[in-house]
Amino acid sequence: MLLLATARAANADPADDYVACLIGQSAVALQQQTAKKDSEAAQKVAYSLCKEPDGLEENESEGLSDFVYVAVEAIAKGVWPSK
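A brief look at the structure comes next.

Calculation notes
Residues numbered from 1 in each chain as written. Predicted model: local features only at pLDDT ≥ 70, side-chain atom pairs only at ≥ 80, totals over all residues. Heavy atoms only, no water. Disulfide = S-S within 2.5 Å. Helix = DSSP H or I, 4+ residues; strand = E, 2+ residues; numbered from the N terminus. Buried < 20%, exposed > 50% of the residue type's maximum accessible area, 1.4 Å probe, protein only. Expected span 1.5 Å × (residues − 1). Contact = heavy atoms within 4.5 Å.

## Regarding the state of the cysteines
Across all of its chains, the model carries one disulfide by this definition. Each disulfide pairs two cysteine sulfurs, and for cysteine 21 the partner residue is cysteine 50, the sulfurs being separated by 2.0 Å. The sign of the S-S torsion, about -85°, decides the handedness of the disulfide formed by cysteine 21 and cysteine 50: left-handed. Of this pair, cysteine 21 sits in helix H2 (residues 14-32) while cysteine 50 sits in the loop between helix H3 (39-49) and helix H4 (58-77); the two residues are 29 residues apart in sequence, bridging distant segments of the chain. Looking at cysteine 50, the relative accessible area reads 6%, which means it is buried.

Pasting the structure below:
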């Protein structure tokens, strides 16, 4: 079982880990906000905490940023994850 967990972690895509970090840290930042949810401020916090993987091409980076933006907006509006 330990070998399987180790193998899975070694094969993880750094871009996927980066997106997970950004969405997770944004969600934490949103949760800590007391007033109206500010997804832009939450994403700024996340981008300051999550390290972009080396070798990420500009077009891939832009696509990931778009995905993160949509996900964080949905979290801020309370529509994602769906219930």
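## Some words on H4
With 20 residues, H4 should reach 28 Å at 1.5 Å per residue; the first-to-last C-alpha distance of 29 Å fits that figure. Where H4 is concerned, the buried positions are Ser61, Leu64, Val68, Ala71, Val72, Glu73 and Ala74. Buried positions along H4 lie against H2 and H3. Where H4 ends, the next residue or the one after it, glycine 78, has phi of about 80°, a positive value.

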